[in-house]
Each structure stands twice: as C-alpha cells, then as structure tokens.
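Listed below are the residues making up each chain.
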Amino acid sequence: MVCDKGREQCVKYASLRLFKLVVLLILSTMVIWALFQFGLVYYHDIVRYTCSPWIEGWGSTFAHNILKELLRNWFTVATAYNPVLWTMPYIFISSVVCVLCYMLWGDLKRGHVAPVCVGICFVIFGMKNYVACMIGYLLAYYYKHKPAKQINIPIGVLLLLLAVFLCGYPMEMQSSWILYRVLPKQYVVYYHMLGASLLIYASLYCDPIRKIMESKPLLVLGKYSMSIFVAHFAILVSVSSYLFTRLIDQHSYNATAAIVWAVTVLATCIAAILLKRVIDRIYAVLDRVYGSIYVNVK
C-alpha cells in the first residue's frame, strides 16, 4: 500500500520506519524504568500464585542510569525492560525486506516467485521469525491481484476455526489437549504463522467474516492495537499484579483473576489512548523534520 502511493511515500516509509519504532521502544522503556524507580512493580509478588515461568528473572537488569542504558542498542535495552518488544527488530527488518521485494519484483508477471524463494531461504537458514513477513507479503500480493475473489461461508468458518486452533498452540507449556499434543512442538512458530495467515485470508475473502473484521469496534481496536501492544506489559507488572496481591487473600483464584482481567482491560485501554496521543504528536514532528530534510536533499 505504501509503495503503490509512489516513490516518495515509499522512501519516506523506509526512512522513518526505524525512528518511529524507536519512539515506541524509548517510551515503553522509560515508563517501566519509572515503575521500577518508584517501587511500583509487583509482578514478582504473584509468581508463586500463578506459577508462571514466562519472565522468570526479569527485572534483574534494572539500572538507575537509564540514559546510559539508552545509549546502547535500543532494541536490546527495550526488550530487557519490556519483554514483549522482542518482536521490534523483526518488524523493522521485515518492513525493509518487504519494501525491497516490492521494488525489485512487484511489477513482474510472476512477482510472487522471488518472495517465495526468499521465504524458503529463511526456513533453510533457521530465520523462522522472518518467514512471517514473506507470508504477509504474498497475502498482500495475492489480494492486490485478486481483490474480488470470494469463498463460501462454510469454508470461511472452517478456516477461521482452524486459525483459532493453530494460533492457540501454547509456547511455554505442554498442553493436555490431545489435538495439540499430536503436533510436534518444535514447529510451534509455524503453527502460529499459518493460523494468522488463515485468519487474514478468511477476513479478505469470506464476506461475513470481512464485515465483522470491518465493524466499528474492531476498527477502533485496530487503530489502538500497537499502543495496546506497547502499553499492556507495564499495566500487567504494576496495576494488575498489585491488585492481584490485594484480592487473592479475600477471593478465590478464579474470582480474583476475573476482577484483575476486567481492571487490566480498562487500564490498558486508557493507557493506550493516552500513549497514542503522545506517539501521534511525536510522529507528526518526525514527519515535519523528514519533510524539510527531504526537500533539501531531493
């Protein structure tokens, strides 16, 4: 979509992609650093109740001199404070790879062949997290050339259910569900990629599913999805964990989890809305700075 808007938009996207991701990294790191600094992190107080090994040992890298930390690799520092941001390097590099693929092969009659080969190379060299960007590229390429294609409702529902099943394959624990146990665990990343691909395919080509995905509530959720992604970990280790410690002795585990979940959703939504306003203002400044630089070097 960016490349189709012309070379200038493509250059702008590629030039600012890293800096816009770094804005998210720095904001998230600063927020969680502040939570540590003021003693507002309570995650370690609930590990014994949840028995979750998800981020065992997390927080040991906390440093009082955050400015010195930020002078190091942005991606590494951000991931140390907010583990969910491990995806950011892949998002950045994948964006560059997709732009290059489009510029090199997007206009060819069989423009899908080369990206397929690139994806196979990623598999061969064990760069499995980059396979997703090639799958996404191919889905976009296919939709661009066949936007009117339709699949019937039963097939769409089947693909949707299969997508939910594959995306639900657990990563950090062995599932007791036999349908998961028959699938080799070492391919879990590929199960998630296939599930996401089927979800997107059904959303593009099954009309009832597409209408649901294009409904106003989900469009609003999509608008704030990146802000939610960046903000939710800070809420989990502070507000959610603190509330859990206060309620677990007064209510059952399930009741406590339900209350914490409801408060977490509300707090995350509020944080995401505020964060997006800040991000949009910073992005506007970056766009203006880029515009002035581009005019001078054009």
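In the block above lies the structure referred to throughout.
Here we summarise the structure given alongside this text.

The rules behind the values
- Residues numbered from 1 in each chain as written.
- Predicted model: local features only at pLDDT ≥ 70, side-chain atom pairs only at ≥ 80, totals over all residues.
- Heavy atoms only, no water.
- Axes fitted to C-alpha atoms, helices over the stretch in contact; angles between N-to-C directions.
- Helix = DSSP H or I, 4+ residues; strand = E, 2+ residues; numbered from the N terminus.
- Parallel < 35°, antiparallel > 145°, perpendicular 65-115°, else oblique.
- Contact = heavy atoms within 4.5 Å.
- Nonpolar A, V, L, I, M, F, W, Y, C, P; charged D, E, K, R; others polar.
- Phe/Tyr/Trp six-rings, centres within 6.5 Å; stacked < 30°, edge-to-face > 60°.
- Buried < 20%, exposed > 50% of the residue type's maximum accessible area, 1.4 Å probe, protein only.
- Lys NZ or Arg CZ within 6 Å of the ring centre and 35° of its normal.
- Patch = residues over 30% accessible without salt bridge, like charges linked within 9 Å, V, L, I, M, F, W, Y side chains within 5 Å.
- Areas by Shrake-Rupley, 256 points an atom, 1.4 Å probe, with all protein chains shown as cover.
- Salt bridge = Lys/Arg side-chain N within 4 Å of Asp/Glu carboxyl O.

1. Some remarks on the packing of helix H1 (residues 7-37) against helix H13 (residues 225-247)
- Put simply, H1 and H13 touch, their axes get as near as 10 Å, and they point 10° apart. On the basis of their axis angle, the class for H1 and H13 is roughly parallel. When H1 is examined against H13, the residues Leu24, Ser28, Val31, Ile32 and Leu35 are found in contact with a partner set consisting of Met226, Val230, Phe233, Ala234 and Ser238.
- For the contact of H1 with H13, a count of residues per class yields 8 nonpolar, 2 polar and no charged.

2. Focus: the packing of aromatic side chains
- Tallied over the entire structure, the rule returns 13 aromatic pairs.
- Ring centres of Tyr42 and Tyr242 lie 5.0 Å apart, and the angle between their planes is 50°; this geometry places the pair in the tilted category. Of this pair, Tyr42 sits in the loop between H1 and helix H2 (47-50) while Tyr242 is found in helix H13, placing the two residues 200 residues apart along the sequence.
- Judged by centre distance (5.9 Å) and plane angle (80°), the rings of Tyr142 and Tyr205 are edge-to-face. Taken together, the residues Tyr142 in helix H7 (residues 131-145) and Tyr205 in helix H10 (residues 188-205) connect sequence positions 63 residues apart.
- For Tyr142, a relative accessible area of 29% corresponds to the partly exposed category.
- Here a set of aromatic residues connected by ring pairs shows up, and it is made of Trp86, Tyr90, Phe122 and Tyr130.
- Over the aromatic face of Tyr283 sits the side chain of Lys20, whose NZ or CZ is 5.0 Å from the ring centroid.
- A cation over a ring is seen here: Lys276 above Tyr224, with NZ or CZ 5.9 Å from the ring centre.

3. Side note on a nonpolar patch on the surface
- There is a patch of nonpolar side chains on the surface, built from Val116, Ile120, Ile124, Phe125 and Met127 and spanning about 500 Å² of accessible area.
- You can see Ile120 is positioned in helix H6 (residues 113-124).
- Among the residues examined, Ile120 registers a relative accessible area of 45% and is labelled partly exposed.

4. Looking at the environment of Tyr43
- Looking at the secondary structure, you find Tyr43 in the loop between H1 and H2.
- For Tyr43, a relative accessible area of 8% gives the class buried.
- Along the chain, Tyr43 and Ser241 lie 198 residues apart, while their C-alpha atoms are 5.3 Å from each other.
- Leave out the neighbours within four places in its chain, and Tyr43 touches Ser52, Ile55, Trp58, Val237 and Ser241.

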